[in-house]
Amino acid sequence: MNDPTLDREDEVLKATVRDGLAARDRALPPPRFAHAWPGTERPRTATWRPALAGGLALAAIGAVSWMLLARPGGESASPADLRATVELARELSSPDYWRVPTDDLLAFAAPPLNAELPSPDGFHVSLEESLL
Amino acid sequence: MPDGPRLRHNPLIDQRELERLHEQCFSWALTCAGGRRAEAEDVLQMTYLAIVEGDAKFSGRSSLRTWLFAVIRNTTGSRWRRARRSLETLARIAAFAPHAEAFVEPEMPAENARVLAALRALPKRQHEVLDLVFYRDLSISEAAQVLGISLGTARLHYERGKAALRARLADMGPAA
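Residues numbered from 1 in each chain as written. Chains lettered and ligands numbered in written order. Predicted model: local features only at pLDDT ≥ 70, side-chain atom pairs only at ≥ 80, totals over all residues.

Brief notes about the overall build of chain A
Put simply, the rule reads: For the purposes of this entry, the term helix denotes a DSSP run of H or I that reaches at least four residues, the term strand denotes a run of E that reaches at least two, and both are numbered from the N terminus.
Across its full length, chain A holds 6 helices and 0 strands. Moving toward the C terminus, one meets the helices and strands of chain A in the order α-α-α-α-α-α.

What follows is the structure, given as structure tokens:
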């Protein structure tokens with residue numbers, strides 16, 4: 001292919017270079033495309049999917065451990081649990097007490113009270129009686 | 001233009017078009033790898049892997065061929081940079097290492113071998129520009145894109161490369 005920007009000397013040089021490189025390529029033929037091609041595409045999720053699964057498993061284990069060992073009202077209720085209890089009490093005493101989710105109430109268990117309250121003897125009123 | 005399957009992570013690339021350009025890509029990889037066949041094959045495999053996995057993304061701003069040549073050249077460069085960081089790899093590829101891939105001059109007529117030797121003796125950039133423009137029919141502008149240099153710099157390498165190659169061929173005299 002002649003290039004109009006090349007003069008006669010350049011054309012000769014170009015032909016010389018082309019012949020040389022073409023001879024090299026003939027002597028060193030390429031491998032088959034299928035040999036060089038990686039074939040099946042590896043999904044880009046291949047690397048992060050195991051990491052995500054591991055993270056979810058750890059989170060599940062953590063949640064179960066928390067439920068078993070440190071849930072509010074348990075033996076080892078933490079200050080955070082106590083704060084949650086106070087929050088629940090505040091919500092129940094508000095005019096919107098009926099908005100408190102039932103699940104919260106069901107999950108609620110007051111921590112054991114470590115103090116003796118004064119109680120007059122014989123003063124036992126059942127729940128039914130108190131409602132009358 | 002072939003209309004074959006598109007790559008998932010490079011939707012602008014048609015796999016059949018890649019296959020059609022495979023021979024040219026290997027030839028350019030050979031140039032980048034200094035004529036070492038095994039190195040050229042490795043470079044091409046890494047290039048294809050980067051394309052398949054989308055690490056090298058074709059955006060259609062240049063022709064596919066120009067882009068491929070640039071990726072092959074960059075892949076060759078990054079392999080060498082990594083190799084320098086590893087003494088073991090350096091020992092493998094360095095010319096003095098006993099188990100390095102020896103450069104074997106392929107069987108060819110003496111005149112062609114003389115031209116290849118003269119080309120290899122040129123500074124790398126001049127060698128690459130002449131290869132791309134003379135042998136692969138790229139414009140100087142496209143060669144500049146492949147090499148990641150400005151058009152002015154590519155022109156300079158082109159002119160100096162031609163002059164240097166003529167001088168070397170003249171010094172070497174006619175083939176025996």
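A look at the overall build of chain B
This is how the line gets drawn: Exposure classes come from backbone-placed C-beta atoms, where a residue is buried if 20 or more other C-beta atoms lie within 10 Å of its own, exposed if 12 or fewer do, and partly exposed in between. Placing C-beta atoms from the backbone, we regard two residues as in contact once those atoms come within 7 Å.
Per the secondary structure count, chain B includes 8 helices and 0 strands. Each helix and strand of chain B, placed in order from N terminus to C terminus, yields the pattern α-α-α-α-α-α-α-α. When burial is assessed residue by residue, chain B has 36% of its 176 residues classed as buried. Taking contacts inside chain B between residues at least 6 apart in sequence as the whole, the part at least 24 apart equals 57%.

Some remarks on unusual backbone geometry
With the exception of glycine, the majority of residues adopt a negative phi angle, and the majority of peptide bonds are in the trans configuration. Positive phi outside glycine occurs at Asp137 of chain B, with the angle close to 55°. Within the fold, Asp137 of chain B resides in the loop between α6 (124-135) and α7 (140-147).

Quick look at the packing of helix α1 (residues 8-27) of chain A against α6 of chain B
Here is the rule: Orientation is described by lines fitted to C-alpha atoms, with helices fitted over the stretch in contact, and by angles between N-to-C directions that extend from 0 to 180 degrees. Put simply, angles under 35 degrees are roughly parallel, angles over 145 are roughly antiparallel, angles from 65 to 115 are roughly perpendicular, and the rest are oblique. Think of it as three bins: nonpolar holds Ala, Val, Leu, Ile, Met, Phe, Trp, Tyr, Cys and Pro, charged holds Asp, Glu, Lys and Arg, and polar takes everything else, Gly as well.
As a packed pair, α1 of chain A and α6 of chain B sit with axes 9 Å apart at the nearest point and diverge in direction by 95°. Between α1 of chain A and α6 of chain B, the crossing angle belongs to the class labelled roughly perpendicular. Where α1 of chain A approaches α6 of chain B, its residues Lys14, Val17, Arg18 and Leu21 of chain A are matched on the opposing element by Leu130, Asp131, Phe134 and Tyr135 of chain B. Here the residues of the contact of α1 of chain A with α6 of chain B sort into 5 nonpolar, no polar and 3 charged.

Some details on the environment of Gly60 of chain B
Residues and elements named next belong to chain B. Summarising the element assignment, Gly60 is placed in the loop between α2 (37-52) and α3 (64-85). For Gly60, a count of 9 C-beta atoms within 10 Å puts it in the exposed group. Distance in space between the C-alpha atoms of Gly60 and Ile13 is 8.9 Å, their sequence separation being 47 residues.

Structural notes on the confidence of the model for chain A
Just so we agree on the cut-off: Confidence of the predictor at the level of single residues is captured by pLDDT, which takes values from 0 to 100.
Residues at a pLDDT of 70 or more form 55% of chain A, whose mean pLDDT is 74. Ranking the elements of chain A by mean pLDDT puts helix α6 (residues 127-131) of chain A last with 66 and α1 of chain A first with 93.

A word on the confidence of the model for chain B
Chain-level pLDDT for chain B is 87 on average; 86% of the residues reach the 70-or-more range. With pTM at 0.58, the complex prediction returns an ipTM value of 0.76.

Topic: the interface of chain A and chain B
Taken together, the 24 residues of chain A in the interface contact 34 residues of chain B. Elements supplying a minimum of two residues to the side of chain A that touches chain B: α1 and α2 (33-36) of chain A. At 13 residues, α1 of chain A tops the list of elements feeding residues into the side of chain A that touches chain B. Partitioned by chemical class, the residues of the side of chain A that touches chain B number 13 nonpolar, 2 polar and 9 charged.

Comments concerning the nonpolar core
Keep this limit in mind: We define a nonpolar core as a collection of buried residues of the types Ala, Val, Leu, Ile, Met, Phe, Trp, Tyr and Cys that are connected via C-beta atoms lying within 7 Å of each other. Domain boundaries shown here were taken from an automatic or database domain assignment.
By size, the foremost hydrophobic cluster in this structure holds 44 residues, and its most contacted members are Val17 of chain A together with Ala29, Val43, Leu44, Ile72, Val133 and Ala143 of chain B. Looking at this core, the elements that each hand over two or more residues are α1 of chain A together with α1 (15-32), α2, α3, α5 (110-120), α6, α7 and α8 (151-172) of chain B. Each of domain 1 (1-104) and domain 2 (106-176) of chain B accounts for three or more of the residues forming this core. In contact with Val43 of chain B, not counting residues within four places along its chain, are Ala29, Cys32, Ala33, Ile72, Thr75, Thr76 and Arg79 of chain B.

Re α8 of chain B
Test applied: In this scheme, a helix's expected span is set at 1.5 Å multiplied by one less than its residue total. Relevant arc is that of directions from the helix axis to the C-beta atoms, nothing else.
Taking 1.5 Å per residue as the helical rise, α8 of chain B with its 22 residues ought to reach 32 Å, and the 31 Å between its terminal C-alpha atoms agrees with that figure. Taken residue by residue, α8 of chain B has Ala154, His157, Tyr158, Gly161, Lys162 and Leu165 of chain B as its buried positions. End-on, the buried residues of α8 of chain B take up no more than an arc of 135°, which puts them together on one face. When the buried face of α8 of chain B is taken as reference, the exposed residues oriented beyond 90 degrees from it are Gly152, Ala163, Ala167, Ala170 and Asp171 of chain B. Along its buried surface, α8 of chain B packs onto α1 of chain A together with α5, α6 and α7 of chain B.

Some remarks on α2 of chain B
Residue and element names in this part refer to chain B. Given a rise of 1.5 Å per residue, 16 residues ought to cover 22 Å, and the 22 Å separating the end C-alpha atoms of α2 matches this to within 8%. All of the buried residues along α2 are Arg37, Ala40, Val43, Leu44, Met46, Thr47, Tyr48, Ile51 and Val52. Where α2 terminates, the next one or two residues include Gly54, which has phi positive at roughly 80°.

Focus on the packing of α6 of chain B against α7 of chain B
Residues and elements named next belong to chain B. Quick note on the threshold: Working rule for handedness: look at the near helix, and if it is turned counterclockwise from the far one by less than a right angle, call the crossing left-handed; if clockwise, right-handed.
Orientation of α6 relative to α7, taken along the N-to-C sense of each, is 130°, at an axis distance of 9 Å. Here α6 is positioned oblique relative to α7, judged by the angle of their axes. Regarding α6 and α7, the two cross each other, and that crossing is right-handed. Packed against α6, whose contacting residues are Arg125, Glu128, Val129, Leu132 and Val133, the element α7 presents Ile140, Ala143, Val146 and Leu147 at the interface. Per-class residue counts for the contact of α6 with α7 are 7 nonpolar, no polar and 2 charged.

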